[in-house]
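Summary of structural features
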Amino acid sequence: MASENSPLLAYRLLGEEGAAFPARKLSTFLGVVVPTVLSMFSIVVFLRIGFVVGHAGLLQALAMLLVAYFILALTVLSVCAIATNGAVRGGGAYCILQQMDGDATKSSGLQVLPQGYGWNLLYGSLLLGLVGGVCTLGAGLYARASFLTFLLVSGSLASVLVSFVAVGPKSIPITPRHGTNGSSLPPRFGHFTGFNSSTLKDNLGASYAQDYTTGTMMTFASVFAVLFNGCTGIMAGANMSGELKDPSRAIPLGTIIAVVYTFFIYILLFFLSSFTCDRTLLQEDYGFFRAISLWPPLVLIGIYATAISASMSSLIGASRILQALAQDDLFGVILAPAKLVSRGGNPWGAVLYSWGLVQLVLLAGKLNTLAAVVTVFYLVAYAAVDLSCLSLEWASAPNFRPTFTLFSWHSCLSGVASCLLMMFLISPGAAGGSLLLMGLLSALLTARGGPSSWGYVSQALLFHQVRKYLLRLDVRKEHVKFWRPQLLLLVGNPRGALPLLRLANQLKKGGLYVLGHVTLGDLDSLPSDPVQPQYGAWLSLVDRAQVKAFVDLTLSPSVRQGAQHLLRISGLGGMKPNTLVLGFYDDSPPQDHFLTDPAFSEPEDGTWEGGSPSLSTLFPPPRAPGSPRALSPQDYVATVADALKMNKNVVLARACGALPPERLSRGSGNPSQIHHVDVWPLNLLRPRGGPGYVDVCGLFLLQMATILGMVPAWHSARLRIFLCLGPEEAPGAAEGRLRALLSQLRIRAEVREVVWGEGTPGREQEEEVEGDFVNGGQGDAEAESLAASANALVRAQQGQGNGGGPGGPEGGEGKEGPTTALTFLYLPRPPADPSRYTRYLALLETLSRDLGPTLLAHGVTPVTCTDL
């Protein structure tokens, strides 16, 4: 089937070239090794070797180098793991744009050109124009230019290494400095001693002093920050992923080669400098390579070549990252120009965009000030790569199987921690600001929503953790002290069930909430499963209604059988529904709440944000009055009986559409609008003579009403509990027992006793009616009369205020007060004889008629206890 192959084609796991992907032409050496080596050397290899060794000494300098490369190696392992896990697209790492340092030679003593803001702006703009032109013409020209600069830098370094051996001892004049009063200090000299053990011994220890270029006292942290700033650049090859012939092989191999090569070059330069140069020369002339070189102009060529190469690498890498950001439409029209590409696939729009950003920074000046910020942003990118690899490893997704296996979650976690530590060591202010900026960008992208084709590692991590904790949620360790409602709400058409859907969300109290729906049909007679395409609409419904619910759909020949399926298989492990919620079965015409609910108001173009269709087009209109129903009265009652047989609590909700919107909102209710929540914990078809309010079902009603009162929208509602007294019963005794129980259960409520009025059946007659009702006797008229009397009793109490004493159906002595917002009634068990289901339903209709929003509930399991 064609659809079975679509995921492979959509994600291009084979990495085939096509219109969406430009031709890849760079090899491992030209595309990864060369740019990474040049970026890791940069200008530091010529101008900061003496600075590091002169202040820190050889031993601490080597320690710094080992620590720096250890941090880089951890990130390199993560890069290699991600790069070898399938095909690699263009864009490299999403990281912050690196800016070139236009006046890097200003403090080196090599001021061979005029200096000043205007001159520096001119030099920087000319250099930027040169590298911008090279990058605009494509990766091929960039690779050739990089190789040329690589040869120049390698030749310059080779001349320096030879000079250490070939040049004899000599004294080198130090650039004069001025005293505190402006007078010139006596001339000073540094000494190149050649290989000398005494020189090495003097250079082993640290001797931190003032930096002659800034006047700042150097410390281990400041020197380490400068050294680490020169070692960054390991992502230069990864940023060229879209131009590489085989990025999955080239990125790990080329990056490791470049890191090892630069590491040994740095070590060699440290040793040679410590053996041959005294401390004065190292600390007072950071550009001493030129003074000891056999041909000094070659060192100057190397300095400018490294500046040009680093600029080219940064500009072309940043442009590829910018293009990838633009193609994913993360920042809308802001990055729209970066999407422009040539016919050959060269992202010239992104290059010009990057060029313009760098030119703005050149105009601002103060480029040395940005050095620490740039390094911190590099470290943010490295930490993000380590965190990505850590997340993939912790998620244990079967599709994360990189061919590079020399990593673990320990290395990833160490990489993240090391990068964060280095950030605050280099510049605490820049580190805090960068993390704040990353947080704001993440919040913006989360609010906008990323491309659906990304795949979110957070979902994989959540799945892994949820599975782990679900396995630890042992149903054998359940205890009534920690009981909470876990609801399965069966919904036919959500257009008419929105108020109930939100009310059930309030009743769940942090428990499981499942929206269940039964689609009628037989899979044997259908070409495909009609249920699967419906999930998107139901999940959109959950989002729009702002409820915390899962969705479970099934296909069944009847609603009753489908309900049985959902009751058995919904949930997982210790999170399975313990309560079935149904709308009441009556003849009232269904309402279309989509038309009145602001959350479901129709957009003008008929589509929601993101292009999804309106929910009104996904769910059919409500059932017309008098039209056939998918569920018969017989099957409705049978579904209730099935749930009770399966040891599930049952709640039947009637007239929930009459609840005011503020009672169903997520915010706090209006304190000035006080309403009552009435609870009748006794079976009104048998109000006396049974176990009363202390049975399991009565406690279930009390618990559910109490839970509802914990919801902010119901905080202003007052809980009232009603007890029925016979004409000959003394008031107060039952109330006292109930108040003692409520005190033990920590339930605050008003207890009211009501007299079961004259003309209603006595105790013996009640038992006879109840027996006839359950067992199928001839007490139809008596049962109907009892239900009507109970209904009148409840309605009479709904309008009673807080004052007064016991009242009957005729009305009590209490003054008028708040009205009842919701009523909880005891739901009797269905009769054992299925032939009496219709009569049972009619009796419930009479019992709950005209009571407003009502919940008829029957509990079968203990839900509360008096123990802490």
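Presented here is a report on the structure given in the accompanying data block. (Residues numbered from 1 in each chain as written. Predicted model: local features only at pLDDT ≥ 70, side-chain atom pairs only at ≥ 80, totals over all residues. Heavy atoms only, no water.)

Some details on the sheet that holds strand 10 (residues 750-755)
Spatially, 5-4-3-6-7-12-11-8-9-10 is the arrangement adopted by the 10 strands of the open sheet, whose pairing is mixed. The two strands at the open ends of the sheet, each matched to only one other strand, are strand 5 (550-556) and strand 10. Across the sheet, the mean angle separating the axes of adjacent strands is 25° when strand polarity is ignored. Two elements, strand 8 (residues 676-680) and strand 9 (residues 718-725), share four bridges in a ladder whose sense is parallel. Across the sheet, the residue bridging to His 676 is Arg 718, located in strand 9. (Pairing = 2+ DSSP bridges. Helix = DSSP H or I, 4+ residues; strand = E, 2+ residues; numbered from the N terminus. Axes fitted to C-alpha atoms, helices over the stretch in contact; angles between N-to-C directions.)

Observations concerning the pattern of salt bridges
Under the counting rule described, the total for this entry stands at 11 salt bridges. The partner of Arg 502 in a salt bridge is Asp 597, and the shortest N-O contact between them spans 2.4 Å. Remark: Asp 597 occurs in the loop between strand 6 (579-583) and helix 21 (633-645) and Arg 502 occurs in helix 18 (residues 498-507); sequence separation between them is 95 residues. For Asp 597, a relative accessible area of 13% gives the class buried. Arg 849 is the partner of Glu 845 in a salt bridge, and the nearest nitrogen-oxygen pair spans 2.7 Å. For Arg 849, a relative accessible area of 35% gives the class partly exposed. Among the ionic contacts, a cluster of salt bridges with common partners joins Asp 586, Arg 654, Glu 845 and Arg 849. (Salt bridge = Lys/Arg side-chain N within 4 Å of Asp/Glu carboxyl O. Buried < 20%, exposed > 50% of the residue type's maximum accessible area, 1.4 Å probe, protein only.)

Structural notes on the packing of aromatic side chains
Under the definition given, this model contains 24 aromatic pairs. Relative to Phe 600, the ring of Phe 594 has its centre 4.6 Å away and its plane inclined at 10°; by these criteria the two rings are stacked. For the pair Phe 594 and Phe 600, one class covers both residues: buried. A network of ring pairs unites the aromatic residues Phe 41, Tyr 69, Tyr 261, Phe 263, Phe 264 and Tyr 266 as a single cluster. The positively charged end of Arg 629 is found above the aromatic ring belonging to Tyr 585, 4.0 Å away from the centroid. Arg 663 extends its terminal NZ or CZ atom over the ring of Trp 714, reaching a point 5.3 Å from the ring centre. (Phe/Tyr/Trp six-rings, centres within 6.5 Å; stacked < 30°, edge-to-face > 60°. Lys NZ or Arg CZ within 6 Å of the ring centre and 35° of its normal.)

Let's talk about the pairing of strand 11 (residues 820-826)
Within strand 11, seven of the seven residues are buried, which leaves it mostly tucked inside the rest of the structure. The pairing of strand 8 with strand 11 spans five bridges and is parallel. Across the sheet, residue His 676 finds its bridge partner in strand 11, namely Thr 820. As defined by bridge partners, strand 11 adjoins strand 12 (residues 854-858) across four bridges and the pair is classed as parallel. Opposite Thr 823, over in strand 12, you have Thr 854 as the bridge partner. One crossover worth recording links strand 11 to the parallel strand 12 by way of helix 27 (residues 837-847), and it is right-handed. (Right-handed = clockwise from strand over helix to strand, strands pointing away.)

Looking at the nonpolar core
Within the largest apolar cluster, 114 residues are counted, with the highest numbers of intra-cluster contacts made by Leu 652, Trp 714 and Phe 824. Of all the elements, helix 23 (residues 696-709) adds the most residues to this core, at nine residues. Non-local contacts of Phe 824, meaning those with residues more than four positions away in its chain, are made with Val 677, Asp 678, Val 679, Trp 680, Leu 701, Met 704, Ala 705, Leu 708 and Leu 855. Counting residues in each nonpolar core, the second largest holds 104 residues, with Met 64, Ala 83, Ala 139 and Met 240 among its members. (Core = buried A, V, L, I, M, F, W, Y, C linked by side-chain atoms within 4.5 Å. Contact = heavy atoms within 4.5 Å.)

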